[in-house]
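# Coordinate analysis (summary)
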Amino acid sequence: MTTSALPSNALYTIARIRQIEQAAMSHLPPGSLMQRAGAAAAREVRDICRRAGRRVDVLLLAGSGNNGGDALEAAAVLRRGGMRVRVLLHGDPARQPRDAAAAHARALAAGVEIHPFSDWQAQLERPCNLVVDGLFGIGLQRPLTGEIAEAVQTINEIGAARLPVLALDVPSGIDADTGTVVGGAVAVRASHTITFIGDKPGLHTADGCDHAGEVRVAGLDIASGLPPPDGMLNHPGLFAACLRPRARNTHKGSFGDVVLLGGASGMAGAVVLAARAALHAGAGRTYAAFIGPVPVYDDAHPELMCRAAHEIDLARKVVVAGPGMGSGEAARAALTAALKSPMPAVFDADALNLLASDRSLMQALADRGNLQQPSLLTPHPLEAARLLGMKVAEVQSDRLAAARALAESANAVVILKGAGSIIAAPDRPFVINPTGNPALATGGTGDVLAGLCGALLAQGWPAHEAALGAAWMHGHAADELVRKGVGPIGLTASELIPALRLCLNQLVAERSVRP
Ligand SMILES: NC(=O)C1=CN([C@@H]2O[C@H](COP(=O)(O)OP(=O)(O)OC[C@H]3O[C@@H](n4cnc5c(N)ncnc54)[C@H](OP(=O)(O)O)[C@@H]3O)[C@@H](O)[C@H]2O)[C@@H](O)CC1
Ligand SMILES: [K+]
């Protein structure tokens, strides 16, 4: 029953889940969805315990709403199967919604031990093999406080000591749309989340990434009449059409020219990193154009062509403007030239700060979209905040909204970087990138991403696919390096570059295998 009904990377907002839920409930017997959710949760409990080699001995925390109903339903199923289960029930049972009250009755009838929430300390001190968080799901309205917040903090401490914690639908305290901890208070840090009907964006971006653990979707057999998803989780299938093997009858002119424009005095490294990334990601010819002193050549990669920014001819070249560009007059002149290019262009780092400081430059950027000249922006949250005229905390409080607002105002494809990078474009569903890890939180990795975007554009990838492909590969390369012990501490941006090349070639090879 669990995952088959939905494309595995579809994401639904709370509002959409509520619509789907209402439509399904209108033609199902009362309580059916909750019974399916409870049964799926019980299966997940057994699965986690089996994989951990532990017997099923579970403490379930049930809230006062339907999320608590799911927990009570799961408890009833497990108890009927002869497993050891206890429930800590929050709130007044007399005020439970109808389905949750029915689940409560079934749990009592099955012989489940149910304790009032005020017993939480004693119950958490009793050993168990798994904690289930059924406190709050998509109905959470306010920050966790009082005994609930204290209990959640204690669970997080126990969980950190390797007790698995399974969240039902959403880790309690997390906003399922934005991935933020509601009110900045506290939220359950789950090792696993089983989410119902469809996957939710808040499980994959912002704080959601650190709280949801391994996410599985239980579709609850709602197969028909599903609306199109609000967004998607990034996956190579979304840019598969661009993963084409190279024809033999080609030459360097077949794979495009890319210019990396930046490198003010003292910041040459940024442009070199971006250029090396473009080179390793397959651009036919790669130019590094410097606003500051121009190196004769790049010792490690003499195939890069080094030029002065004011002399480079941008005609028929994809431009990546920004790495180490600075904010002086020469940078502004270089950015103005890049904005006039009829070719696809990437704007990163200092180019974004310059755009934020000058309305006429921002207008020139938006005009590019009107002229069908694709632009791709790669801001981190602070750069996005400057471009949107808001504080970085506001951007982070709703990353999806911020990325979409920026894509609309810039008329461009945007990669809003950070945990669960968001790819947004005008009139397209948002995409959240699931790859990547904190190894990328080091100087230069953004330059590498910008160079990778430029190389894909130079090879003819449409801007949206280039953003999807670059974000996915950038994160995946870092994940692979960490898997081999290269990071997360101390991974360098330079080490990411050959790993990206490997990733791109592997993806193309996988796509090219003929049955
Ligand atoms: N309907 C169905 O058939 C299906 C529903 N499903 C499940 O239902 C979940 C949604 O259920 P829901 O709408 O009842 O909301 P839920 O997340 O339980 O929270 C609401 C309760 O919490 C309370 N409350 C909120 N914040 C609080 C706080 N900070 N501190 C304390 N209390 C707080 C709030 O109280 P109030 O605000 O009224 O005082 C209310 O009692 C969904 O995530 C999924 O798991 C699935 O089984 C599919 C079938
Ligand atoms: K929950």
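None of the values given here were measured: they were computed from a predicted structure.

### Describing the pattern of salt bridges
The tally for this structure, following the rule as stated, stands at 17 salt bridges. A salt bridge links aspartate 47 to arginine 216; its shortest N-O distance comes to 3.6 Å. On the criterion of sequence distance, the pair formed by aspartate 47 in helix 2 (residues 32-51) and arginine 216 in strand 8 (residues 214-218) is long-range, its members being 169 residues apart. Residue arginine 216 is classed as partly exposed on the basis of its relative accessible area, which comes to 29%. Each member of the salt-bridge network shares a partner with another, and the members are Glu44, Asp47, Arg50, Arg51, Glu214 and Arg216.

### A word on the packing of aromatic side chains
Inspection of every chain in the model, using the stated rule, returns two aromatic pairs. Ring geometry for phenylalanine 239 versus tryptophan 472: centroids 6.5 Å apart, planes at 55°, classification tilted. You can see phenylalanine 239 sitting in the loop between strand 9 (231-233) and strand 10 (257-262) and its partner tryptophan 472 sitting in helix 16 (residues 463-483), a full 233 residues away along the chain. A single burial state applies to phenylalanine 239 and to tryptophan 472, both of which are buried. Here the aromatic cluster, defined as three or more aromatic residues joined through ring pairs, consists of Phe239, Trp461 and Trp472.

### Quick notes on the site of ligand 1
Neighbouring residues of ligand 1: 23 residues in total, closest Ser64, Asp70, Gly137, Arg142 and Asp169. Side-chain polar atom of asparagine 67 to an oxygen atom of ligand 1: 2.8 Å apart, as the coordinates give it. Glutamine 141 has a polar backbone atom sitting 3.4 Å from a nitrogen atom of ligand 1. Calculation on ligand 1 without its partners gives an accessible area of 930 Å², and the protein chains cover 83% of this total. Going through the elements one at a time, helix 1 (14-25), helix 2 and helix 3 (66-80) are the ones with two or more residues in the shell around ligand 1. Grouping the amino acids of the shell around ligand 1 by side-chain chemistry returns ten nonpolar, seven polar and six charged.

### Focus: the side chain of aspartate 447
Here aspartate 447 shows up in helix 15 (residues 445-458). Buried charged residue aspartate 447 carries no salt bridge. Nearest counter-charge: lysine 417, at 7.0 Å. Apart from residues lying up to four places away in sequence, aspartate 447 is in contact with Ala270, Leu273, Ala274, Pro323 and Asp348.

### What to know about the sheet that holds strand 12 (residues 305-308)
Ordered in space as 1-9-18-17-16-15-14-13-10-11-12, the eleven strands form an open sheet in which the pairing is mixed. What marks the edges here is a single partner per strand, and that holds for strand 1 (10-11) and strand 12. The sheet contact formed by strand 10 and strand 13 (residues 318-321) spans four bridges and is parallel. Bridge pairing in strand 13 links leucine 261 to alanine 321.

### Comments concerning helix 8 (residues 268-280)
In this model helix 8 runs 19 Å from its N-terminal to its C-terminal C-alpha over 13 residues, within 8% of the 18 Å that 1.5 Å per residue would give. Judged by how many residues are buried, helix 8 sits mostly within the fold: eleven of 13 residues are covered. Of the residues making up helix 8, those classed as buried are Ala270, Val271, Val272, Leu273, Ala274, Ala275, Arg276, Ala277, Ala278, Leu279 and His280. For helix 8, the elements touching its buried residues are strand 10, strand 11 (285-290), helix 15 and helix 17 (493-512). Positive phi appears at glycine 282, one or two residues downstream of helix 8, with a value of about 100°.

### Side note on the coordination of the potassium ion (ligand 2)
Protein coordination of the potassium ion (ligand 2) is provided by Asn67 (OD1), Asp133 (O), Phe136 (O), Leu168 (O), Val170 (O) and Ser172 (OG), with donor distances spanning 2.6 to 3.2 Å. If you look at the potassium ion (ligand 2), its six donor atoms make angles of 64 to 169° with each other, and the shape they trace is irregular. Each donor residue of the potassium ion (ligand 2) belongs to the same chain, and together they define the spacing N-x65-D-x2-F-x31-L-x1-V-x1-S. Of this pair, aspartate 133 sits in strand 5 (residues 130-134) while valine 170 sits in the loop between strand 6 (165-168) and strand 7 (192-196), placing them 37 residues apart in sequence. Overall, the relative accessible area of 0% leaves valine 170 in the buried class.

### Side note on the sheet that holds strand 4 (residues 113-116)
Ordered by their spatial adjacency, seven strands build an open sheet running 4-3-2-5-6-7-8, and the pairing between neighbours is parallel. This sheet does not close on itself; its edge strands, each paired only once, are strand 4 and strand 8. Going from strand to strand, the sheet's axes swing by 20° on average, the running direction of each strand aside. Where strand 3 (residues 84-89) lies against strand 4, four bridges are found, and the strand directions are parallel. Paired with leucine 88 across the strands is histidine 115, a residue of strand 4.

### Considering the UniProt feature "domain: YjeF C-terminal" (unreviewed entry) in the chain
In the numbering used here, UniProt assigns the feature "domain: YjeF C-terminal" (unreviewed entry) to residues 235-507. End C-alpha atoms of residues 235-507 are separated by 11 Å, and the span's content is 45% helix alongside 13% strand.

### Looking at the pairing of strand 5
With five of its five residues buried, strand 5 lies for the most part within the structure. Of the two faces of strand 5, the one holding Leu130, Val132 and Gly134 and the one holding Val131 and Asp133 are both buried throughout. Bridge analysis of strand 2 (residues 57-62) against strand 5 gives five bridges, and the strand direction is parallel. Across the sheet, the residue bridging to alanine 62 is glycine 134, located in strand 5. Relative to strand 6, strand 5 runs parallel, the two being bridged by three bridges. Paired with aspartate 133 across the bridge in strand 6 is alanine 167. In terms of handedness, the path from strand 5 via helix 6 (residues 146-160) over to strand 6 forms a crossover that is right-handed.

### A short note on the side chain of aspartate 298
Tracing the backbone through its elements, the reader meets aspartate 298 in the loop between strand 11 and strand 12. Overall, aspartate 298 belongs to the buried group, its relative accessible area being 8%. There is a polar contact of 2.6 Å between the side chain of aspartate 298 and the side chain of arginine 276. One polar contact links the side chain of aspartate 298 to the main-chain amide nitrogen of alanine 300, over a distance of 3.2 Å. Beyond its immediate sequence surroundings of up to four residues, aspartate 298 is in contact with Val272, Arg276, Leu304 and Cys306.

What counts, and where the lines are drawn
Residues numbered from 1 in each chain as written. Chains lettered and ligands numbered in written order. Predicted model: local features only at pLDDT ≥ 70, side-chain atom pairs only at ≥ 80, totals over all residues. Heavy atoms only, no water. Salt bridge = Lys/Arg side-chain N within 4 Å of Asp/Glu carboxyl O. Helix = DSSP H or I, 4+ residues; strand = E, 2+ residues; numbered from the N terminus. Buried < 20%, exposed > 50% of the residue type's maximum accessible area, 1.4 Å probe, protein only. Phe/Tyr/Trp six-rings, centres within 6.5 Å; stacked < 30°, edge-to-face > 60°. Near = heavy atom within 4 Å. Polar contact = N/O pair within 3.5 Å; in protein donor to acceptor, adjacent residues only side chain to side chain. Areas by Shrake-Rupley, 256 points an atom, 1.4 Å probe, with all protein chains shown as cover. Nonpolar A, V, L, I, M, F, W, Y, C, P; charged D, E, K, R; others polar. Lys, Arg positive; Asp, Glu negative; His and termini not counted. Contact = heavy atoms within 4.5 Å. Pairing = 2+ DSSP bridges. Expected span 1.5 Å × (residues − 1). Donors = N, O, S within 2.8 Å, 3.2 Å for Na, K, Ca; no water. Tetrahedral: all angles 85-135°; square planar, octahedral: opposite > 155°, others 65-115°. Axes fitted to C-alpha atoms, helices over the stretch in contact; angles between N-to-C directions. UniProt positions renumbered as here; feature names shortened; annotations may be inferred. Right-handed = clockwise from strand over helix to strand, strands pointing away.

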